[in-house]
Amino acid sequence: MNPYVLMILLSSLGLGTTLTFASSHWLLAWMGLEINTLAIVPLMAQHHHPRAVEATTKYFLTQATAAAMILFASTTNAWITGEWDMNNMASPVASTMVIIALALKIGLAPMHFWMPEVLQGLDLVTGLILSTWQKLAPLALIIQTAPALDPLLLTTLGLTSTLAGGWGGLNQTQLRKVMAYSSIAHMGWMIIILQYAPQLTLLALGTYIFMTSAAFLTLKTSSTTKINTLAMAWSNNPILTATTALVLLSLGGLPPLTGFMPKWLILQELTKQNLPITATIMALAALLSLYFYLRLCYAMTLTISPNTTNSTTPWRIKTTQSSLPLTISTTIALGLLPITPAILMLAT
């Protein structure tokens, strides 16, 4: 892709998200979401492969449906209340429509079916943008409108997303689909705690972004998209493979890695709010996700490709990719748990 075109598209992505962040007016927020969607569509279809074009079409139709629902809900709310302010969601019908539309935008269950299919058709870098940056604007709107939303609806969305993300990833052999289900499950953790402690939602989002970035950038560096090719990663790059296994365990939420921190704090807060059953279901759903991360770890670090020889491997060549983003995201994805008290002080 032409670097000038790429620059325009990436700056439009940034502009769309920033517009939505800065807005308290529904039309401006909707405009930001639309700019965001239109900027990523050419990035998704840039390889002109039938799968990429199909994924782009699915994504565009889903996002257009969600945007139309947001516009309809905000117009309904403005018609009832007489103003377009986001913080004045007086109509329960409008607020329910908004949360359903935003759930469709970020892929919360049961509106998650587009997510694995779309991610499977994209290359890893665009998949990374879709899994991280594209979640920010809709989540900002959900956080802003959360006080007006039905708590039962938010809890239901959170629980179903965590369970669907865990169950869906169990039978997958394609790594991009595994990452899509991982994303759905993590979104569920963020939504479940939103009504009680929004700062924990932001903390979970931050750790999710770094862990997912580390996972995607590793897969990009080793050019891996299927589980069976993970077995060759060890002979390719032993150090990277070792850190990747830890990143995957961090995504699963095992101590003493960063991924344990948001899960621990969210379960603690749910227990404080006198919701032990919800906390138990969430903890058990996390085990489902942990199983498929362990499966990837097993394929990567405990199996060796049958054609490995003792001689220097011919494909161990210097990569031209920048390793700095991967290094930073991996370090953060592995080592933030000891500074949890400092992060909590900053968050509250």
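Thresholds applied
Residues take numbers from 1 onward in each chain, read along the sequence in its written order. This being a predicted model, a pLDDT of at least 70 is required before a residue's local features are given, and a value of 80 or more before pairs of side-chain atoms are given or counted; all residues contribute to the totals for chains, interfaces and linings. Just so you know, side-chain values use all the structure's heavy atoms and leave hydrogens and water out. Labels follow the DSSP assignment, with helices taken as runs of H or I lasting at least four residues and strands as runs of E lasting at least two, numbered in each case from the N terminus. It is over C-alpha atoms that the radius of gyration is taken, and the globule rule equals 2.2 Å times the number of residues to the power 0.38. In this scheme, a residue with accessible area under 20% of its type's maximum is buried, one over 50% is exposed, and one in between is partly exposed, where area comes from a 1.4 Å probe on protein chains only. In this analysis, two residues are considered to be in contact whenever any of their non-hydrogen atoms come within 4.5 Å of each other. The sign given to each residue is positive for Lys and Arg and negative for Asp and Glu; His and the chain ends receive no count. Where a charge lies is defined by one atom per residue type, namely NZ (Lys), CZ (Arg), CG (Asp) and CD (Glu). Source of the domain bounds: an automatic or database domain assignment. Buried area is calculated as the accessible area (1.4 Å probe) missing from two parts once they are joined, with the contributions of both summed. Each reported salt bridge corresponds to a side-chain nitrogen of Lys or Arg within 4 Å of a carboxyl oxygen of Asp or Glu. By the criterion applied in these results, polar contacts are pairs of N or O atoms within 3.5 Å in which, for protein atoms, one can donate a hydrogen and the other can accept it, and in which residues neighboring in sequence qualify only through two side-chain atoms. Throughout this entry, Asp, Glu, Lys and Arg are counted as charged residues, while Ala, Val, Leu, Ile, Met, Phe, Trp, Tyr, Cys and Pro are counted as nonpolar. The remaining residues, Gly among them, count as polar. Note on geometry: axes are C-alpha line fits, over the in-contact stretch for helices, and angles between N-to-C directions span 0 to 180 degrees. For this classification, under 35 degrees means roughly parallel, over 145 means roughly antiparallel, 65 to 115 means roughly perpendicular, and everything else is oblique. Take the far helix as your reference; a near helix turned counterclockwise from it by less than a right angle gives a left-handed crossing, and one turned clockwise gives a right-handed crossing. Working definition of a nonpolar core: buried Ala, Val, Leu, Ile, Met, Phe, Trp, Tyr and Cys residues. They are joined through side-chain atoms within 4.5 Å.

### Let's talk about the overall build of the chain
Here is step 1: Assigned secondary structure in the chain consists of 17 helices and 0 strands.
Here is step 2: Relative to the 2.2 N^0.38 estimate, which gives 20 Å for 348 residues, the radius of gyration of the chain is 20 Å and therefore close to what a compact globule would have.
Here is step 3: Taken over the C-alpha atoms alone, the chain extends approximately 75 × 50 × 35 Å along its principal axes.
Here is step 4: Sorting the 348 residues of the chain into buried and exposed places 52% on the buried side.
Here is step 5: Sequence-distant contacts, at least 24 apart, represent 78% of the contacts inside the chain between residues at least 6 apart.
Here is step 6: Side-chain charges of the chain comprise 13 positive and 8 negative groups, with the mean position of each set lying 20 Å from the other.

### Things to note about the domain arrangement of the chain
Here is step 1: Along its sequence, the chain is carved into domain 1 (1–149) and domain 2 (152–307 + 324–347).
Here is step 2: Placing a centre on the C-alpha atoms of domain 1 and another on those of domain 2 gives a separation of 23 Å.
Here is step 3: At the interface, 29 residues of domain 1 touch 32 residues of domain 2.
Here is step 4: In this assembly, domain 1 packs against domain 2 so that about 2600 Å² is buried in total across both faces, 82% of it on carbon and sulfur atoms.
Here is step 5: It is Leu108, Gln120 and Leu124 that lose the most area in domain 1 upon contact with domain 2, and together they represent 25% of the buried surface on that side.
Here is step 6: The interface formed by domain 1 and domain 2 holds 1 salt bridge in total.
Here is step 7: Summed over the shared surface of domain 1 and domain 2, the number is 7 residue pairs in polar contact (both at pLDDT 80 or more).
Here is step 8: At the level of secondary structure, the elements contributing two or more residues to the side of domain 1 that touches domain 2 comprise α4 (92–106), α5 (114–120), α6 (124–131) and α7 (133–145).
Here is step 9: Looking at the side of domain 1 that touches domain 2 residue by residue, the classes come out as 20 nonpolar, 7 polar and 2 charged.

### Examining the packing of helix α8 (residues 151–169) against helix α15 (residues 276–302)
Here is step 1: One way to put it is that α8 packs onto α15 with a least axis distance of 8 Å and a crossing angle of 25°. Regarding the angle of α8 to α15, the classification is roughly parallel. Crossing angle aside, the handedness with which α8 passes α15 is left-handed. Taking contact as the criterion, the partners of Thr155, Leu159, Thr162, Leu163, Gly165, Gly166, Trp167 and Gly169 in α8 are, on α15, Thr278, Ile281, Met282, Ala285, Leu288, Ser289, Phe292 and Arg295.
Here is step 2: Each residue belonging to the contact of α8 with α15 can be placed in one class, and the counts come to 8 nonpolar, 7 polar and 1 charged.

### Side note on the environment of Leu108
Here is step 1: Within the element layout of this structure, Leu108 appears in the loop between α4 and α5.
Here is step 2: A residue is classified by how much of its surface remains accessible, and Leu108, at 0% relative accessible area, is buried.
Here is step 3: Note: C-alpha distance between Leu108 and Ser183 (75 residues apart in sequence) is 9.1 Å.
Here is step 4: Not counting residues within four places of it along the chain, the set of residues in contact with Leu108 comprises Ala103, Leu157, Ser161, Met187, Gly188 and Ile191.

### A word on the environment of Gly168
Here is step 1: Here Gly168 is to be found in helix α8.
Here is step 2: In sequence terms Gly168 and Ser289 are 121 residues apart; their C-alpha atoms lie 9.1 Å from each other.

### Observations regarding the pattern of salt bridges
Two side chains carrying opposite charge are able to pair once their charged atoms lie near each other.
Here is step 1: Counted by the stated rule, this structure contains 3 salt bridges.
Here is step 2: For the salt bridge of Glu54 with Lys58, the shortest nitrogen-to-oxygen distance reads 2.9 Å. Note that Glu54 and Lys58 are positioned in helix α3 (residues 50–81) at a spacing of 4 residues, about one turn of the helix.
Here is step 3: The exposure class of Glu54 is partly exposed, given its relative accessible area of 43%.
Here is step 4: The class of Lys58 is partly exposed, set by a relative accessible area of 30%.
Here is step 5: For Glu117, the salt bridge is made with Lys177, and the minimal N-O distance between the two is 3.6 Å. Of this pair, Glu117 sits in helix α5 while Lys177 sits in helix α9 (residues 175–193), and the two are 60 residues apart along the sequence.

### Focus: unusual backbone geometry
Here is step 1: In this structure, Pro110 follows Ala109 across a cis peptide bond, with omega equal to 0°.
Here is step 2: Structurally, the position occupied by Pro110 is in the loop between α4 and α5.
Here is step 3: With omega at 5°, the peptide bond leading from Pro255 into Pro256 counts as cis.
Here is step 4: Looking at where Pro256 falls in the secondary structure, it is placed in the loop between α13 (238–252) and α14 (260–272).
Here is step 5: The residue His48 is not glycine, and still its phi comes out positive at about 55°.
Here is step 6: Position of His48 relative to the elements: it lies in the loop between α2 (26–44) and α3.

### Things to note about the nonpolar core
Here is step 1: One finds Trp26, Val118, Ile191 and Ile266 to be the most contacted residues of the largest nonpolar core, which totals 96 residues.
Here is step 2: If one sorts the elements of this core by residue count, α9 sits on top with 12 residues.
Here is step 3: Taken domain by domain, this core gets at least three of its residues from each of domain 1 (1–149) and domain 2 (152–307 + 324–347).
Here is step 4: Excluding residues that lie within four positions of it along the chain, Ile191 makes contacts with Leu108, Leu139, Ile142, Leu154, Leu157 and Gly158.

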